[in-house]
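# Overview (structure and organization)
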Amino acid sequence: MSGTLYGVGVGPGDPELMTLKAVRLIRESTCIAAPGKDAREAVAYKIAVQAVPELREKKLLSVYMSMSHDRATREACHREGIRMLEEILDAGENIVFLTLGDPTVYSTFSYLQKHIEEDGYPTALVSGITSFCAAAARLNRPLSLWQESLHIIPAQHRLDERLDMEGTCILMKSGKKMDQVKRILRESKKDVFMVENCGMDTEKIYIGVDEIPDDAGYYSLIIAKDPERAHD
């Protein structure tokens, strides 16, 4: 029997937001994988090790996931990662693959999971608190009320669109092109809030478009809401 590959969400940054199930699986697994050339430098690892100190003593597997725009380069990285994972699964070991936030939301783990399943190995996902839910809680504000819609948008890929939909917009992955994102936000006339590095020691909160710096970091999440009004 082969082992199972688990994609385990560790939340956005605060180790106290990790689920009991995530902590249990990390403790029970002999092999822990994380994205990057050095698993110990992965943000997900640095979060998890605070909640599970014994993680330092476990076998670690570094799975480099290229972010190149060249498809061949990305696929070559995926194939190498798949080879390493399947070698361990063939030995009957389970693997916990640490993912930032939740493994079902824009997670690089999804690419590995698809191919691993196609090769006949079992996989499972363990949900983690998403960055946008954690950011809303940090701001002490609801994301949506009554009949309001909630839109999750990968900002850097949608810079040619307007935020003219009703409800709350979550802009993820906006740090690299923040100047363009801010222009779209101003045009939307929405109330804007941003949390950078939510739950981490370097966390910063910005209220309004004008407060947001053009050089904001990669882990910058924006919540853009319709101006507050009474609800029936």
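First, a word on what this report is: a plain description of the structure on this page. Counting restarts for each chain, with residues numbered from 1 along the sequence as it is written. With pLDDT at 70 or above as the cut-off, local features in this predicted model cover only qualifying residues; side-chain atom pairs require 80 or more to be listed or tallied, and sums for whole chains, interfaces and linings still use all residues. Each side-chain value is derived from all of the structure's non-hydrogen atoms; neither hydrogens nor water enter the calculation.

## Re the pattern of salt bridges
- A side-chain nitrogen of Lys or Arg and a carboxyl oxygen of Asp or Glu constitute a salt bridge if their distance falls within 4 Å. Summed over all chains, the structure comprises 14 salt bridges.
- The closest approach of N and O atoms between Arg-27 and Glu-54, which form a salt bridge, is 3.0 Å. Taken together, the positions of Arg-27 in helix H1 (residues 20-28) and Glu-54 in the loop between helix H2 (43-51) and strand S3 (59-63) put the pair 27 residues apart, joining distant regions of the chain.
- Only protein chains enter the area calculation, which uses a 1.4 Å probe; residues under 20% of their type maximum are buried, those over 50% are exposed, and those in between are partly exposed. Given the relative accessible area of 33%, Glu-54 is considered partly exposed.
- The partner of Arg-183 in a salt bridge is Glu-187, with the nearest N and O atoms 3.6 Å apart. Taken together, the residues span about one helical turn, with Arg-183 and Glu-187 both in helix H6 (residues 178-188) at a distance of four residues.
- The class for Arg-183 is partly exposed, based on a relative accessible area of 39%.
- For Glu-187, a relative accessible area of 37% puts it in the partly exposed group.
- Salt bridges here are not isolated pairs; linked through shared partners, they connect Glu-80, Arg-83 and Glu-87. Secondary structure elements follow DSSP: runs of H or I of four or more residues count as helices, runs of E of two or more count as strands, with numbering from the N terminus.

## Remarks on the nonpolar core
- Among buried residues, the Ala, Val, Leu, Ile, Met, Phe, Trp, Tyr and Cys ones that are joined through side-chain atoms within 4.5 Å form a nonpolar core. Counting residues in each nonpolar core, the largest one holds 22 residues, and the members touching the most others are Met-18, Ile-26, Leu-55, Val-96 and Leu-98.
- Only strand S1 (5-9), H1, strand S2 (31-35), H2 and strand S4 (95-99) provide two or more residues apiece to this core.
- Looking at this core, the element that brings in the most residues is H2, giving five residues.
- The contact rule is simple, with two residues in contact once any of their heavy atoms fall within 4.5 Å. Apart from the residues lying within four places of it in its own chain, the contact partners of Ile-26 are Met-18, Ile-32, Ala-48, Val-52, Leu-55, Lys-58, Val-96 and Leu-98.

## Some words on the packing of helix H3 (residues 71-90) against helix H4 (residues 109-118)
- The contact between H3 and H4 brings their axes to 10 Å, and the two run at 55°. Between H3 and H4, the interaxial angle falls into the category oblique. Read as a crossing pair, H3 and H4 show a hand that is right-handed. Counted together, His-78, Ile-82, Leu-85, Glu-86 and Leu-89 of H3 and Tyr-111, Leu-112, His-115 and Ile-116 of H4 form the full contact between these two elements.
- Class assignment of the residues belonging to the contact of H3 with H4 gives a composition of six nonpolar, two polar and one charged. Angular values range over 0 to 180 degrees, each being the angle between N-to-C directions of two axes fitted as lines to C-alpha atoms, with helices fitted over their stretch in contact. Under this scheme an angle from 65 to 115 degrees is roughly perpendicular, one under 35 degrees roughly parallel, and one over 145 degrees roughly antiparallel; angles in between are oblique. Should the near helix be turned anticlockwise from the far one by less than a right angle, the crossing is termed left-handed; should it be turned clockwise, right-handed. Note on residue categories: nonpolar means Ala, Val, Leu, Ile, Met, Phe, Trp, Tyr, Cys or Pro, charged means Asp, Glu, Lys or Arg, and polar means any other residue, Gly included.

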